[in-house]
Amino acid sequence: MTEGAAARRPAHAPPLLGIGQVLAKLQPEFPDLTPSKLRFLEEQGLVTPSRTAAGYRKFSPADVERLHLVLAMQRDHYLPLKVIRAHLEAVDAGSAPALPGAVSAAAVQATANRYSRDELIREARATPNLLDDAIAASVIRPADVYGRDALDALRALAALRAVGIEPRHLRGLRAAAEREAALIEQAIAPERRPDAAGRARTAERARELADHLAVVHGSVLQRALDGLSR
């Protein structure tokens, strides 16, 4: 959008925002958001701000809402950008697709909030003792505010405890996860760049590799379970 076009916008139209104003709106919930990451998300086709004649980016309220959705999908559901982009393209085309796992965009927005310790325990229908045991076993990281990943983990742990599987039985998961993280770190080392946009690309690549490892892990576990029916 040129400066002239901006001047012709309807008087009732909401004002467009610069990068600094967008950061001020989103950083309280997404503190890792930087100007470089905003530019990276634009490069990936996830948001398309207008431009002034001087080339400055201007974001509409719809752009800010879209960015919030993208960041929430990344943070709370660990979705790679290519999956998020495909979802948004389908929405733009008039569809109402569900994300992997049948999670809708509305559900992502609904679960974008964070949880205090008491809220986490209540939402997971767990007990304080279970959360303490999970933290002691390094299955859940202690925090003042917890995210969707901790909620999903605590719910799963509550279901496992019901059949006698305790967090202490899962201590090996951390060691296995650290070994897999080391493999990913080694794989992406040649791609590392010191700038913020480069770090964002590296983080996205790490998520993609983690998805592949999760598939392999699930396959190996399923094969082991198949032996129980023989």
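This text follows the structure it describes.
Residues numbered from 1 in each chain as written. Predicted model: local features only at pLDDT ≥ 70, side-chain atom pairs only at ≥ 80, totals over all residues. Heavy atoms only, no water.

J.: Got a minute to help me understand unusual backbone geometry in this structure?
T.: Trans is the prevailing form of peptide bonds, just as negative phi is the prevailing case for residues other than glycine. The phi dihedral of R125 falls on the positive side, at around 55°, and the residue is not glycine. Note that R125 resides in the loop between helix 7 (117-124) and helix 8 (128-136). At S138, a position not held by glycine, the phi torsion is positive, near 60°. Within the secondary structure, S138 is located in the loop between helix 8 and helix 9 (148-161). Judged by relative accessible area, S138 falls into the partly exposed class, the value being 32%. (Helix = DSSP H or I, 4+ residues; strand = E, 2+ residues; numbered from the N terminus. Buried < 20%, exposed > 50% of the residue type's maximum accessible area, 1.4 Å probe, protein only.)

J.: Would you take a moment to explain the pattern of salt bridges for this structure?
T.: What the rule picks out here adds up to nine salt bridges. The salt bridge involving R117 is made with D132; its shortest N-O contact spans 3.0 Å. Note that R117 is positioned in helix 7 and D132 in helix 8, a separation of 15 residues in sequence. With its nearest N and O atoms 2.7 Å apart, the salt bridge here joins E166 to R161. Look at E166 and you get buried, because its relative accessible area is 15%. Given the relative accessible area of 22%, R161 is considered partly exposed. Within the structure, one salt-bridge network assembled from shared partners comprises E42, R51 and R57. (Salt bridge = Lys/Arg side-chain N within 4 Å of Asp/Glu carboxyl O.)

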